[in-house]
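Reading the structure
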Amino acid sequence: MFTSFLHYFLIYNKELKNMQAPKQELFLLNWEISNLTTKLQAFANIYSKLDYTTLDCLSKLIDTVYNILSKASPMRCADWDAKDDKILIGYSFHHTINCKQCGRAVKMTRTSLLKHLKEHKSGKISSQVIKLTDDDLDLVAALDNIGLNVGEICSQKSSTKLYNRTDIAMQNSDNAMINSERDTPDSIVVHLKKDDTSEQNSFIGKEQRKTHIPTKQNALEKTNQKQKEPKRKAHVPIRLIDGDYTAVGSIPNTKFDLSKKTKKFIINITPKTRFMVHKSRRHEILESPAHHEIVLSLESAFQTCYPRAKAYLFGSRINGLGNECSDLDIYLDLENNYDGSLKYSKDKLKFFVELTEKVFSLTDQWTKLDPVISARTPILRAWNTKHKIDCDISFTHGLSHSNTRLIQYFFELQPVCYYVALYAKEWSHSFSMPGLNTYTIILLTIFYFQKHKFLPSVQKLQKMCKTPYLISYWQANFEKQSLESLEILQIPEENIHEQLINFFSFYGIRFCFDTQVVCPFLGKAQLKTNFDPYDGKISSKMETLLNYYNSLNVTKAHPINDLLSYMKPMVVQDPLELNHNVAKGLSPTDVNRFRKYCAHTADLLGGVLDETS
């Protein structure tokens, strides 16, 4: 009997794993995730220190999301029926929060929270439990520019109508196409919305004047009494596509200004002088004897077990943007797998990481061994004690090395491109934006010069090759041509300052991150909606991406690791690995801040140029 029960349980469990979630459950889940994401983003912009309990809760949340993404397979978005009122039967939404100052239940909407906190600040409500801290006062100020409930504005327009998800998606795509037909995809100017906080503040002021101000005695009596449960109405969610940043205006527009550190960097550091200093150090770093010795020591250590073992260097130290403190990126090819034909599994890569860790632990040249197994590409971090260099060692394939060769070629072809990338890298280090890495800055710089016809597209260089060399689906070889053969003008080094102003102005004002993709492969912007793997219009020139998608079962593909994350706020497509968005870690607030910082930097650099001239 137990055996038959176990057999039945296993079959039932297998069926559960293959089940498709009902439309009703998916709709409610999307709405809840949207609300939670918006609230987390709001608090992330305010608080930098969290207690251990909160950190533990966030850790569990991350693990849960990771499990969902690793097991679930994507499918088409459900066609929500706007007239289907039965979808909400049996569900009630109790979205209120108890204030920690007075214990009152407050609706979790932007207007209600803002009004309640401002009443505390003005003293209209006595705080008997805990006094307002500096963080709470910062929250009051921050709520002026943060909407905690995206559905609030829509609900004022219509309290009963449910918006159709599919209709909104079609409307957004139609708007994007209209803009693309009216202007070229690269010349769309983003018209920023005016801040509406003044109207809301005036509304709050009127409401506060109507509010009765309780005395201290009444307040004490109210806190001692058991608070009555407020009447709650069923909340009707608005059917918006949260996380779909493919329409103009989808990225939030709030006020950001440059920090003092960034302003000081822009005003005090003359680009031309800075580049001349770095130019002399660049050759020393590129031709460092330490690089050669590390490569020889790695190859000799592994060639006893792997006779074909070979080490390849790539990254910022090799493309010229690194300094003495930069990490050294190394691809260690143990089994002649530069082209990725062996298609290592995650367990195989984990084995290589653990093997290298054991080999390093037997020598005195390597310490601080840190295996990173959970990364997109498993690596081993280690400190070389002889040359005092941090090294990141990977084992997958040689695509990163080929990528560095491509960047080196662009920098040698147009040196001003290298200078702009170096300045933009140091500029980005003057403020904190973890998702904006050096590689993203490099691709943004290369694309700017391609867009203005000062660099060729990657597709043009690869088309000149007689036979394509593929590394795990992606063509890695390209033809090196001179500027004369490409019919491209050389930019004089005297124009560095002018190119810097145009670079920051381009990304601060002219480029529309809401709808467009930074595409160094084609050298011109593409619409995000064209990269939909189901019914998109991927350019026929992206043969490797089309072949890759044809080899996949798109319905079962991993939405992050296998498909291009084209619905992110910023999409910067890798020039070789065409299914990789290198800027997918940037939040909508980060993209808005980057855009504002670029616009402010262009203005400051223009002022500096006028003063010097």
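Computed from a predicted model, the values in this text were never measured in an experiment. Throughout, residues of each chain are indexed from 1 in the direction in which the sequence is written. It should be noted that, the model being predicted, local features are given only for residues of pLDDT at least 70 and side-chain atom pairs only at 80 or more, the latter also being counted only at that level, while totals for whole chains, interfaces and linings use all residues. To obtain the side-chain values, all non-hydrogen atoms of the structure were used and water was disregarded.

**Quick word on the nonpolar core**
Side-chain atoms within 4.5 Å link the members of a nonpolar core, which is a set of buried Ala, Val, Leu, Ile, Met, Phe, Trp, Tyr and Cys residues. Relative accessibility under 20% of the residue-type maximum defines a buried residue, over 50% an exposed one, and the middle range a partly exposed one, all with a 1.4 Å probe and only protein chains included. Trp 427, Phe 504, Tyr 507, Phe 513, Met 542 and Phe 594 are the most contacted members of the largest nonpolar core, which totals 89 residues. Strands are runs of DSSP state E lasting at least 2 residues, helices are runs of H or I lasting at least 4, and numbering of each runs from the N terminus. No other element matches the 10 residues that helix α16 (residues 415-428) contributes to this core. When checking whether two residues touch, look at their non-hydrogen atoms; a contact exists if any pair is within 4.5 Å. If sequence neighbours within four positions are ignored, Trp 427 has contacts with Thr 262, Phe 265, Ile 266, Phe 504, Phe 594, Tyr 597, Cys 598 and Thr 601. Of all hydrophobic cores here, the second largest spans 26 residues; its members include Leu 298, Ile 318, Val 353 and Cys 391.

**What to know about the packing of aromatic side chains**
Whether two aromatic rings pair depends on their centres lying within 6.5 Å, for rings of Phe, Tyr and Trp, where Trp uses its six-membered ring; planes under 30 degrees apart make the pair stacked, over 60 edge-to-face, and the rest tilted. Across all of its chains, the model carries 34 aromatic pairs by this definition. An angle of 50° between the planes, with centres 5.0 Å apart, marks the rings of Trp 474 and Tyr 548 as tilted. Of this pair, Trp 474 sits in strand β9 (residues 474-475) while Tyr 548 sits in helix α21 (residues 543-551), and the two are 74 residues apart along the sequence. Like Trp 474, the residue Tyr 548 is buried in the burial classification. Arranged with centres 5.9 Å apart and planes meeting at 40°, the rings of Tyr 548 and Tyr 549 form a pair that is tilted. Each member of the pair, Tyr 548 together with Tyr 549, is buried. Taking NZ or CZ as reference, Lys 368 lies 5.1 Å from the ring centre of Trp 383, over its face. Think of it as a cone above the ring: NZ of Lys or CZ of Arg counts as a charge over the ring if it is within 6 Å of the ring centre and within 35 degrees of the ring normal.

**Some details on the side chain of His 401**
In this structure, His 401 sits in helix α15 (residues 399-413). When near neighbours in sequence (up to four residues on either side) are disregarded, His 401 contacts Tyr 312, Leu 313, Phe 314 and Tyr 338.

**Focus on the packing of helix α10 (residues 260-268) against α16**
Remark: α10 packs on α16, axes separated minimally by 10 Å, with the N-to-C direction vectors making an angle of 150°. Overall, the two elements α10 and α16 adopt an arrangement that is roughly antiparallel. Contacts from Thr 262, Phe 265 and Ile 266 of α10 reach α16 at Tyr 423, Glu 426 and Trp 427. For this classification, the nonpolar set comprises Ala, Val, Leu, Ile, Met, Phe, Trp, Tyr, Cys and Pro, the charged set comprises Asp, Glu, Lys and Arg, and every other residue, Gly included, is treated as polar. Residues of the contact of α10 with α16, tallied by class, amount to four nonpolar, one polar and one charged. Structural elements are reduced to axes, namely lines fitted to C-alpha atoms, with helices fitted over the stretch in contact, and the angle between N-to-C directions of any two is expressed from 0 to 180 degrees. Any angle from 65 to 115 degrees is called roughly perpendicular, while one under 35 is roughly parallel, one over 145 is roughly antiparallel, and all others are oblique.

**A closer look at helix α17 (residues 438-451)**
To estimate the expected span of a helix, subtract one from its residue number and multiply by 1.5 Å. An ideal rise of 1.5 Å per residue puts 20 Å on 14 residues; α17 measures up with 20 Å between its terminal C-alpha atoms. Turning to α17, its buried residues number three or more, namely Thr 440, Ile 441, Ile 442, Leu 443, Leu 444, Thr 445, Ile 446, Phe 447, Tyr 448, Phe 449 and Gln 450. In the stretch just after α17, Lys 453 is the one whose phi turns positive, near 65°.

**Examining the pairing of strand β6 (residues 379-384)**
On a regular strand, one side chain projects to one face of the sheet and the next to the other, so that they alternate. Two strands are counted as paired when DSSP detects at least two bridges linking them. In this structure, strand β5 (residues 366-372) lies alongside β6, joined through five bridges in antiparallel fashion. Its bridge partner lying in β6, Asp 370 is registered against Arg 381. Between the end of β5 and the start of β6, which pair antiparallel, lie six residues. Bridge count between β6 and strand β7 (residues 389-394): six bridges; the pairing is antiparallel. By the bridge assignment for β7, Leu 380 is matched with Ile 393.

**Points about the confidence of the model for the chain**
Per residue, pLDDT measures the predictor's confidence, with a range of 0 to 100. Of all residues in the chain, 67% have pLDDT values of 70 or greater, and the mean over the chain is 76. Here residues 1-16 is a poorly scored stretch, pLDDT under 50, and it has zero contacts once near neighbours within four places are set aside; other chains count.

**Focus on the packing of α17 against helix α20 (residues 496-510)**
In contact at an axis separation of 11 Å, α17 and α20 are set at 100° when each is read in the N-to-C sense. Looking at the two axes, α17 sits roughly perpendicular to α20. From α17, Leu 444, Thr 445, Phe 447, Tyr 448, Phe 449 and Lys 451 reach across to α20, where they touch Gln 499, Asn 502, Phe 503, Phe 506 and Tyr 507. Of the residues belonging to the contact of α17 with α20, the class tally is seven nonpolar, three polar and one charged.

**Considerations on α15**
What sets the pattern is the α-helix's 3.6 residues per turn: residues three or four places apart point alike. For α15, with 15 residues, the first-to-last C-alpha span of 21 Å sits near the 21 Å given by 1.5 Å per residue. For α15, the buried fraction is high: 11 of the 15 residues fall into the buried class. Looking only at α15, the buried set comprises Leu 399, His 401, Ser 402, Asn 403, Thr 404, Leu 406, Ile 407, Tyr 409, Phe 410, Phe 411 and Leu 413.

**Side note on the environment of Ser 297**
With respect to the element layout, Ser 297 can be found in helix α12 (residues 289-302). For the pair Ser 297 and Ala 311, spaced 14 residues apart in sequence, the C-alpha to C-alpha distance is 9.6 Å.

**Observations concerning the sheet that holds strand β3 (residues 310-314)**
Read across the open sheet, the five strands follow the order β3-β4-β7-β6-β5; overall the sheet is mixed. The two strands at the open ends of the sheet, each matched to only one other strand, are β3 and β5. Averaged over all pairs of adjacent strands, the angle between their axes in this sheet comes to 25°, without regard to strand direction. Set on the sheet, α12 makes contact with β3, β4 (328-333), β5, β6 and β7; between it and β3 the angle comes to about 150°.

**Observations concerning a nonpolar patch on the surface**
Only residues whose relative accessible area exceeds 30% and that form no salt bridge are eligible for patches; like-charged ones are grouped when within 9 Å, while nonpolar side chains (Val, Leu, Ile, Met, Phe, Trp, Tyr) are grouped when within 5 Å. Using a 1.4 Å probe, the Shrake-Rupley method yields the accessible areas, and only the shown protein chains count as cover for residues. Should a side-chain nitrogen of Lys or Arg be within 4 Å of a carboxyl oxygen of Asp or Glu, the pair is scored as a salt bridge. Among the surface-exposed residues, Leu 36, Leu 40, Leu 61 and Val 65 lie close enough to one another that they form a single nonpolar patch of about 290 Å² accessible area. Breaking the nonpolar patch down by element, the ones donating at least two residues are α2 (23-44) and α3 (52-71).

**Comments concerning the side chain of Ser 565**
Checked against the element boundaries, Ser 565 lands in the loop between α21 and α22 (588-612). For Ser 565, a relative accessible area of 9% gives the class buried. If sequence neighbours within four positions are ignored, Ser 565 has contacts with Pro 559, Ile 560, Val 571, Asn 581 and Lys 584.

**Some words on a positive patch on the surface**
Asp and Glu count as negative and Lys and Arg as positive, but His and the ends of the chain are not part of the count. Every charge is mapped onto a representative atom, which is NZ of Lys, CZ of Arg, CG of Asp or CD of Glu. A surface patch of positive charge is lined by Lys 453, Lys 460, Lys 463, Lys 524 and Lys 541. Turning to its location among the elements, Lys 453 is positioned in the loop between α17 and α18 (458-463).

**Some remarks on unusual backbone geometry**
Located in the positive-phi region is Lys 343, a residue other than glycine, with phi close to 50°. One can find Lys 343 in the loop between β4 and α14 (346-361). The exposure class of Lys 343 is exposed, given its relative accessible area of 62%.

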